[in-house]
Amino acid sequence: MSLTAGIVGLPNVGKSTLFNAITKKNILAANYPFATIDPNVGVVIVPDSRLDFLNELYKPASLVPTTFEFTDIAGLVKGASMGEGLGNKFLSHIREVDAICEVVRCFENKDIIHVENVVDPIRDIEIVETELILSDLEIIDNRFNKIGKKAALSKDKLVQEEARILTKLKDALEKNTPIRRIELTDEEKLYIKPFNLLTSKPIIYVANVSEDDLLKEDNKYIESVREYAKKDNAEVVVICAKVESDLSDMELEEKNTFLNELGIKESGIDNLIKASYKLLGLKTFFTAGSDECRAWTFKDGMKAPECAGIIHTDFQKGFIKAEVMSFEDLKKYGSEKAVKEAGKMRLEGKEYIVEDGDICYFRFNV
């Protein structure tokens, strides 16, 4: 299951510096508004100490962590929808993502030009939000223009229902309200899914701070972003893109020493990945053995056959049973044999809802 997040923000807020750190790729990150012109896609390993434990226990020939994909696009500017800067054509590159990560500048630095001249994170958020809304409105208007007259003249209930939903979306967007903030029925959500509306996607605000502010509880900019984020019930992840960039060049031991010196338990990127997982309702199950230990991403609430299908469609089609033990039990008892002897290994059927940390062996027949 491939999950993706799109990184958006104004120019010079730290987007590309953060992306460089996430992917360890040398994407151009300059003090220039349009340094990142083409979309950049990078895959980052999801940190999980449980997989390290499985590696030590099984010593497999192959160790495969789960991954998360980030797409970085050029910085938006006010009026992008009207053709300012690079325009909003590149927004199409993030229409397929599962979530939006908006990087917001929460630091002062006279050497780094702000495209709006003054640091104001709420103004920046509202500029980006407006451009996303206008981009979505264009899609809704185009669709409405195709069916509007037909809906007015036709007695076809499906066409009339489509017109009703489009009108609901159009009204919200014209009032500058993102789609994620309006109530939609399950049927309405199913209808709008193919449109991949940007403002319907869940969002995380990434507050980019200075090295000095990273060690503080908050600064006035972070406080204002947290207050704004309440509108979306969104999480705010505080990072210092410069520190993350430095960390990305370090070996694990050096990285841990550096974090300890800063008095930080986890890197900002690790926190961002965890926040993204929480936002999207994602969890991890494992398969483990001497050939391979592997982490698999699944959505909360998925049943055993669906999780088996993530590994291979044949596993889902021919699903019989799942042999399951929890990671915590394996860690507690120290081996599969001991887990079985303690009666903690169990057989689960088609209705079993897989839990985070389950170690599964799927029995199937095709």
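Residues numbered from 1 in each chain as written. Predicted model: local features only at pLDDT ≥ 70, side-chain atom pairs only at ≥ 80, totals over all residues. Heavy atoms only, no water.

**Overview of the overall build of the chain**
Rules: Helix and strand labels come from DSSP, where a helix needs a run of H or I of at least four residues and a strand needs a run of E of at least two; each type is numbered from the N terminus. With a 1.4 Å probe rolled over the protein chains alone, any residue whose accessible area is under 20% of its type maximum counts as buried; one over 50% counts as exposed, and the rest are partly exposed. Contacts: residue pairs with any heavy atoms within 4.5 Å of one another. The protein chains shown are the only cover counted for residues, whose accessible areas, like all others here, come from Shrake-Rupley with a 1.4 Å probe.
When you go through the chain residue by residue, the secondary structure sums to 14 helices and twelve strands. Counting the 366 residues in the chain, one finds 50% classified as buried. Within the chain, residue pairs in contact and separated by at least 24 positions form 69% of the contacts whose partners lie at least 6 positions apart. When the accessible surface of the chain is split by element, carbon and sulfur atoms take 49% of a total near 18800 Å².

**Observations concerning the nonpolar core**
To be explicit about the condition: Throughout this description, the term nonpolar core refers to a set of buried Ala, Val, Leu, Ile, Met, Phe, Trp, Tyr and Cys residues connected via side-chain atoms within 4.5 Å.
L18, F68, F70, Y205 and L272 are the most contacted members of the largest nonpolar core, which has 62 residues in total. When residues in this core are grouped by element, the largest group, six residues, is from helix 10 (residues 268-280). The residues contacting L18, other than those within four sequence positions of it, are V103, V206, I239, A241, I269 and L272.

**Points about the pairing of strand 2 (residues 40-45)**
The condition that has to hold: At least two DSSP bridges between two strands are needed for those strands to be called paired.
Because side chains alternate across strand 2, one face comprises the buried residues N40, G42 and V44, and the other comprises V41, V43 and I45, none of which is buried. Pairing of strand 2 with strand 4 (residues 67-72), which is carried by six bridges, proceeds in the antiparallel orientation. Bridging across to strand 4, N40 finds its partner in D72.

**Observations concerning the pattern of salt bridges**
Stated formally: Criterion for a salt bridge: a side-chain nitrogen of Lys or Arg within 4 Å of a carboxyl oxygen of Asp or Glu.
Per the counting criterion, the structure on display carries 25 salt bridges. Among the salt bridges present, the one from D136 reaches R95, with a minimum N-O distance of 3.0 Å. In this pair, D136 is assigned in helix 3 (residues 121-153) and R95 in the loop between strand 4 and strand 5 (99-105), connecting sequence segments 41 residues apart. One exposure class covers both D136 and R95, and it is buried.

**Some details on the sheet that holds strand 1 (residues 4-8)**
As a reminder of what qualifies: Orientation is described by lines fitted to C-alpha atoms, with helices fitted over the stretch in contact, and by angles between N-to-C directions that extend from 0 to 180 degrees.
With mixed pairing, six strands are arranged side by side in an open sheet as 2-4-1-5-6-7. The open sheet has two edge strands with one neighbour each: strand 2 and strand 7 (236-239). The sheet shows a mean angle of 25° between the axes of neighbouring strands, direction not considered. Pairing analysis gives four bridges linking strand 1 to strand 4, with the strands arranged parallel.

**Observations concerning the layout of surface pockets**
Note the following rule: Only protein atoms enter the 1 Å grid used here, on which a cavity is any set of points holding a 1.4 Å probe that cannot leave and a pocket is any open set flanked by protein within 12 Å on both sides along at least five of seven lines; residues with an atom within 4 Å of a point are listed as lining. Grid points are joined across faces, edges and corners, and a volume is the space filled by probe spheres set on the points. For this classification, Asp, Glu, Lys and Arg are treated as charged, while Ala, Val, Leu, Ile, Met, Phe, Trp, Tyr, Cys and Pro are nonpolar and the rest, including Gly, are polar.
By volume, the largest pocket is sized at about 1100 Å³. Lining the largest pocket are 37 residues, with I45, V46, P47, K255 and D270 sitting closest to its centre. At the level of elements, helix 1 (15-23), strand 2, helix 2 (49-58), helix 8 (241-248), helix 9 (252-262), helix 10 and strand 8 (282-287) are the ones that each hand at least two residues to the lining of the largest pocket. Ranked by residue count, the leading element in the lining of the largest pocket is helix 10, at five residues. Of the residues in the lining of the largest pocket, the class split is 18 nonpolar, six polar and 13 charged. Taken as a whole, the second largest pocket spans an internal volume of roughly 850 Å³. In this structure, the second largest pocket is lined by 26 residues; those nearest its centre are D98, K189, S200, K201 and P202. Those elements that place two or more of their residues in the lining of the second largest pocket are helix 5 (186-192) and helix 10. Looking at which element gives the most residues to the lining of the second largest pocket, the answer is helix 5, with three residues. Counted by class, the lining of the second largest pocket contains twelve nonpolar, three polar and eleven charged residues.

By themselves these figures say nothing about function.
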